[in-house]
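What follows is the residue order along each chain.
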Amino acid sequence: MGKIIAVVNQKGGVGKTTSAVNLTAALTECGKRVLLCDFDPQANATSGLGINRKKITKTVYDVVINDIPAKEAVISTKHGDVLPSTADLAGAGVELISMPDANYRLAKALTTLKDQYDAILIDCPPSLELLTINALAAADSILVPVQCEYYALEGLSDLMSTLRLIKQRINPKLEIFGVALTMFDGRTNFSTQVAQEVRRHFPGKVFATVIPRNIRLAEAPSHGLPVTAYDRSSRGSQAYRDMAAEIIKKL
């Protein structure tokens, strides 16, 4: 049975979607069966794996709001399977409020797919609202991308407080799977200092692999490709393959 991992940080611009997309591709490349659930209304994870959003007929919105079986919405790509999103998902947070089991709609859907995958990654929206709560209710654990920049730890205390509340009230099994250091610039002492501070806050939880600042990582989404396919020899590509290897050991 696969492990469901929510890739979450309510702070935007930390490499959350980049990590979700490229880890999906890197794990698939290693022979793992991986599903990427795009639960962000921006739908960047969907387009990042080469799916044309205009041609999608069923999405995660239909699954969560209209009770369409999740397997009917899954799209297979050579870089992994995707439960796609579109801008329609933006209204789901409001619609969910009045629905029965509002916090567990995604959990119910993903449970039907768990046996088919080694891992299900959920790309969460950059906020702590009902969509994110659904993702945390569905997940076994969370993967937290943290950028190696000023304010890196800002908001993490809010995330940890939310995590404690979710464990108490909604999903007692939820744990931290790992913390991923992103946007690391080895030329600066500051990135190193931030990395040390994050490791101090999350002892034993931070991946040994750090994701560097890399132009290829920024370019790949515009081509609808993970960096592992866009430029296999780039530092960003190698870093995500190394992190995927760490994840496989933890799985």
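A brief report on the enclosed structure follows. As the structure is a prediction and not an experimental result, all values here were calculated from the model. (Residues numbered from 1 in each chain as written. Predicted model: local features only at pLDDT ≥ 70, side-chain atom pairs only at ≥ 80, totals over all residues. Heavy atoms only, no water.)

Points about the packing of aromatic side chains
The cut-off we apply is this: In this analysis, rings of Phe, Tyr and Trp, with Trp reduced to its six-membered ring, are considered paired at centre separations within 6.5 Å, and the interplanar angle assigns stacked below 30 degrees, edge-to-face beyond 60, and tilted for intermediate values. We call a charge positioned over a ring when the NZ of a Lys or the CZ of an Arg lies within 6 Å of the ring centre and within 35 degrees of the ring normal.
Applying the stated criterion across every chain, the model contains 1 aromatic pair. Lying across the ring of Phe177, Lys250 places its NZ or CZ 5.1 Å from the centre.

Overview of the pairing of strand E6 (residues 141–147)
Within a regular strand, side chains alternate between the sheet's two faces. The criterion, for reference: Each residue is assigned to one of three classes by its accessible area relative to the maximum for its type, calculated with a 1.4 Å probe on protein chains only: buried under 20%, partly exposed between the two thresholds, exposed over 50%. The way it works is that DSSP assigns letters per residue, a run of H or I at least four long becomes a helix, a run of E at least two long becomes a strand, and they are numbered from the N terminus. Here a strand pair is declared whenever DSSP counts at least two bridges between the two strands. We call a crossover right-handed when, viewed with the strands running away from us, the connection from the first strand over the helix to the second turns clockwise.
With respect to burial, E6 is a largely interior element, 7 of its 7 residues being buried. Of the two faces of E6, the one lined by Ser141, Leu143, Pro145 and Gln147 and the one lined by Ile142, Val144 and Val146 are each fully buried. Where strand E1 (residues 3–7) and E6 come together, 3 bridges link them in parallel fashion. Across the sheet, residue Ile5 finds its bridge partner in E6, namely Ser141. Sheet analysis places E6 next to strand E7 (residues 175–184), joined by 7 bridges and oriented parallel. By the bridge assignment, Val144 is partnered in E7 with Val179. The parallel pair E6 and E7, bridged by helix H8 (residues 156–169), forms a crossover whose chirality is right-handed.

Here we look at the sheet that holds E6
Heads up, the rule is: Under this scheme, a helix contributes an axis fitted over its contacting stretch, all axes are lines through C-alpha atoms, and angles between N-to-C directions fall in the 0 to 180 degree range. Note on contacts: a residue pair qualifies if any of its non-hydrogen atoms lie within 4.5 Å across the two residues.
Read from one edge to the other, the open sheet built from 8 strands follows the order E3-E4-E2-E5-E1-E6-E7-E8, with strand pairing classed as mixed. Each edge of the sheet is formed by a strand with only one pairing partner; in this case those strands are strand E3 (75–77) and strand E8 (206–212). Ignoring strand direction, the axes of neighbouring strands in this sheet form an average angle of 25 degrees. In terms of strand pairing, strand E2 (residues 34–38) meets strand E5 (residues 119–123) through 5 bridges, oriented parallel. Paired with Leu35 across the two strands is Ile120, which belongs to E5. Taken strand by strand, helix H12 (residues 235–250) contacts E6, E7 and E8, and its axis lies near 165 degrees from that of E8.

That is the geometry; function is a separate question.
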